[in-house]
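Observations on the model geometry
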Number of protein chains: 2
Amino acid sequence: MKNAYVILILLFIGIGCEKTADNEKANKVDTEIQDPLPSWNEGQTKSAIIAYVASITTADSPDYIPIKDRIATFDNDGNLWSEQPAYFQLFFAIDRVKAMAADHPEWKNEQPFKAVLENDMEALAKQGEHGLLQLVMATHAGNTAEEFRTDVQEWIKTAVHPTKNVTYDKLVYQPMLELLEYLRTNDFKTYVVSGGGVDFMRAFVTEIYGIPEEQIIGSRIKTGFDYNEGSPVIKRLPEIEFIDDKDGKPLNIQKIIGKKPVFASGNSDGDLQMMQWTASNTYPSFMLYLHHTDAEREWAYDRDSHIGKLDKGLDQATKDGWTVINMKTDWKVVYSFEE
Amino acid sequence: MKNAYVILILLFIGIGCEKTADNEKANKVDTEIQDPLPSWNEGQTKSAIIAYVASITTADSPDYIPIKDRIATFDNDGNLWSEQPAYFQLFFAIDRVKAMAADHPEWKNEQPFKAVLENDMEALAKQGEHGLLQLVMATHAGNTAEEFRTDVQEWIKTAVHPTKNVTYDKLVYQPMLELLEYLRTNDFKTYVVSGGGVDFMRAFVTEIYGIPEEQIIGSRIKTGFDYNEGSPVIKRLPEIEFIDDKDGKPLNIQKIIGKKPVFASGNSDGDLQMMQWTASNTYPSFMLYLHHTDAEREWAYDRDSHIGKLDKGLDQATKDGWTVINMKTDWKVVYSFEE
């Protein structure tokens, strides 16, 4: 009875809701006992992540970072989920291109549409990220924000990956889900910063990653507002507004978040500028590259890949001492369904 | 001793950190006893706000809104702080125009620069919001994000309003600060969504409004990333990228937040589309217009004003039963220094 009374008082006056150094320490002890990263093998990579988080959350450390500045940004394709044999958003777009093809006879001779209609994935991959975004934007416009959201949600429930034979949402990396959660437990604000379409991601990744819509940043098409006689809609227009890749990542981070990240995670040269921007933080920062080295469980690719090319980024990571995940040796499991 | 032990246990296991319906009820009782809006006179406006918040935070109410969807958006100029005799960001721009004028002889004959150099505030006001933004963008570019931030922070500490004779940060509305805090106490996520420049606002309003940088949305200029041999900078380019006004407000809300607000607060026709978008939420929503009716303590203006024109918005508020603050009668104090 007495304890219940104390709990009520504490709830009422809000003790326990304010984050304090003591409180953080208690959380840390708690998570260390549990192993916050159970799908990661013991080794340099896991140790480096845990040592960094410990140092910047220790209140009396010179490396301490206030909670408000614990911004962590994660690339999506090839970093939180797979991106082979093509970006998953492309498989969504393919269904739409095929459905719309009768109204667009010119697509038969026009890339990247030609490749889609001929099921020529190799030719499609050669169109690069820009070609892909062209395709995506062309097939994602002409409807309202709500209609598009519904389309994506229907697709993710039913569509199956061409070689893995599971729905695409099963192809998220279990170790990265643990990393996201570990950072949030330590009061990082986790963001997705992806070259993928922001509205495509927002339609379903919140539940999977535990990241709310407003912390998902991506490429976007232009939109228009229509009051529509009291039932306003936002119309999706067939024009690219912003490609959230390469230089676009730090620019979008500054525009939308307004703070430099302290933790950045990516897997390709498209993430390099985000890494460089993060590395220039006056707080201690952590740059994490995922190297796809596991042809058996996932895919192996880097310097010569049409998708997720990692070349300059790997060089700078080596030169500047950034942390590089070796997927094959650092991860106990890649996907949760392996367990 | 026993109580201290219980507190430690609670901190350790995290009880009191998770928001629950009980917890919310306790908070509510707490704030109601204290009067969450002490600078608001008793009356229809205050009652409507409190009744709305009570209804959507009551767990067993059909109007209950989950915490993740409690998005509240506030216009800034004329809504959180004054905007007369001209937008305050303009006074910042004026100092820069005068300093840069020697390098721009053409400005002597070119609006809106001509008006600034001639100290002709009336002519300047006639350039409208678009002319103002032109001026702001032209004078805010050519430096880095960090340099600009420092410039604004220096200015806000020293510059004095031409008629009120206080620094500009004193001209925030005390009742609106209380409203922001009241909403946050009830787990709303409060955003600024303003036609003003996002980087101008972010340089200093976080501390005043209690709103972090990433929840401040505004107009923006184009930017460029420069790796700068390992000391990367974001350069501010002299081109407008997006004007966060009128249609731009719901479009930017959808792009950046990705959710429809449930609470929108503004004072001009520039906020009307944000209100309409909010009113179309499937959750119960609250639209709040501030009507400047107090020529003595602040300013009185509406349908014919060059700044903060409120005409169509006032008509729709009346027609659709939105709440309108009568500044003269609803607010006990306007600025905290009156107290």
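Located above this text is the structure these notes cover.
A brief report on the enclosed structure follows. Small disclaimer: the values here were computed from a predicted structure and weren't measured.

Take the overall build of chain A next. Tallying secondary structure elements over chain A gives 15 helices and eight strands in all. In terms of overall size, chain A behaves like a compact globule, its C-alpha atoms giving a radius of gyration of 22 Å where 339 residues would be expected to give roughly 20 Å. Relative to its full complement of 339 residues, chain A shows a buried share of 57%. When contacts within chain A are restricted to residue pairs at least 6 apart in sequence, those whose partners lie at least 24 apart make up 65%.

All names here are of chain B. Following the sequence through the fold, G248 ends up in helix α12 (residues 248–257). For G248, a relative accessible area of 6% puts it in the buried group. Sequence separation of G248 and S194 is 54 residues, and the distance between their C-alpha atoms is 9.8 Å. Those residues within four positions of G248 in sequence are excluded, and the remaining contacts are F242 and I243.

All names here are of chain A. Between its terminal C-alpha atoms helix α3 (residues 44–57) stretches 20 Å, which fits the 20 Å expected from 14 residues at 1.5 Å a residue. Restricting attention to buried positions, one finds in α3 the residues T45, K46, I49, Y52, V53, I56 and T57. One face of α3 carries all of its buried residues, which in axial projection span an arc of 135°.

So, about the pairing of strand β6 (residues 286–293) of chain A. Residue and element names in this part refer to chain A. Across the eight residues that make up β6, a large majority, seven, are buried. Sheet analysis places strand β5 (residues 263–266) next to β6, joined by four bridges and oriented parallel. In the sheet register, S265 faces β6, and the bridge partner there is L288. Running through helix α13 (residues 272–279), the crossover from β5 to the neighbouring parallel element β6 is right-handed. Bridging between β6 and strand β8 (residues 323–326) involves four bridges; their strand directions are parallel. Note on β8: the bridge partner recorded for H291 is N326. Hairpin connection of β6 to strand β7 (residues 300–301): six residues between the antiparallel strands.

Residue and element names in this part refer to chain B. This model, assessed by the stated rule, comprises 46 aromatic pairs over all chains. Judged by centre distance (5.5 Å) and plane angle (75°), the rings of F92 and W155 are edge-to-face. Highlighted residues: F92 in helix α4 (residues 88–100) and W155 in helix α8 (residues 145–158), separated in sequence by 63 residues. Relative accessible area serves as the criterion here: at 3%, F92 is assigned to the buried category. A residue is classified by how much of its surface remains accessible, and W155, at 6% relative accessible area, is buried.

The next subject is unusual backbone geometry. Looking along the chain, the bond that leaves Q84 of chain A and enters P85 of chain A is cis, with omega of 0°. Residue P112 of chain A is bonded to the preceding Q111 of chain A through a cis peptide linkage, with omega at 5°. Backbone geometry at N165 of chain A places phi at a positive 55°, although glycine is not the residue there. Look at N165 of chain A and you get exposed, because its relative accessible area is 57%. The phi angle at D35 of chain B is positive, at roughly 60°, despite the residue not being glycine. Counting through the fold element by element, D35 of chain B comes out in the loop between α2 (21–34) and α3 (44–57). On the accessibility criterion, D35 of chain B (23% relative accessible area) is partly exposed.

Moving on, we get to the pattern of salt bridges. One pass over the full model with this rule turns up 46 salt bridges over all chains. K260 of chain A serves as the salt-bridge partner of E146 of chain B, at 3.7 Å between the closest nitrogen and oxygen. Of the two residues, E146 of chain B sits in helix α8 while K260 of chain A sits in the loop between α12 (248–256) and β5, which places them in two different chains. Counted as one network, the salt bridges with shared partners bring together R149, E213 and E214 of chain A together with K189 and K259 of chain B.

The next thing to look at is the side chain of K259 of chain B. Among the secondary structure elements, K259 of chain B is positioned in the loop between α12 and β5 (263–266). The exposure class assigned to K259 of chain B is buried, which follows from its relative accessible area of 8%. Within the local environment of K259 of chain B, its side chain forms a polar contact with the backbone oxygen of K68 of chain B, the two atoms lying 2.8 Å apart. What K259 of chain B contacts, discounting residues up to four positions off in sequence, is P212, E213 and E214 of chain A together with K68, D69, I71, I253 and Q254 of chain B.

Criteria and thresholds
Per chain, the residues get numbers from 1 upward, laid out in the order the sequence is written. Following the order in which they are written, the chains are lettered starting with A and the ligands numbered starting with 1. Only residues with pLDDT of at least 70 are given local features in this predicted model, and only at 80 or more are side-chain atom pairs given and counted; all residues enter the totals for whole chains, interfaces and linings. Water and hydrogen atoms were dropped before computing side-chain values, which therefore reflect all heavy atoms in the structure. Helix and strand labels come from DSSP, where a helix needs a run of H or I of at least four residues and a strand needs a run of E of at least two; each type is numbered from the N terminus. Note on method: radius of gyration uses C-alpha positions; expected globular size equals 2.2 Å times residues raised to 0.38. Think of it in three bands: with a 1.4 Å probe and only protein chains considered, a residue is buried below 20% of the maximum accessible area for its type, exposed above 50%, and partly exposed in between. Should any heavy atoms of two residues lie within 4.5 Å, those residues are considered in contact. Helix span, expected: 1.5 Å multiplied by one less than the number of residues in the helix. The arc in question is traced by the directions running from the helix axis to the C-beta atoms. Strand pairing is defined by DSSP finding a minimum of two bridges between the two strands. If you view a crossover with the strands going away from you and the path from the first strand over the helix to the second runs clockwise, you call it right-handed. Only rings of Phe, Tyr and Trp enter the pairing, Trp through its six-membered ring, and a pair is recorded when the two centres are within 6.5 Å. The plane angle decides the type: under 30 degrees is stacked, over 60 is edge-to-face, the rest tilted. The term salt bridge refers to a pairing of a side-chain nitrogen on Lys or Arg with a carboxyl oxygen on Asp or Glu at a separation within 4 Å. A 3.5 Å cut-off defines polar contacts: any pair of N or O atoms within that distance qualifies, except that in protein one atom must be a possible hydrogen donor and the other a possible acceptor, and neighbouring residues in sequence count only when both atoms are side-chain atoms.

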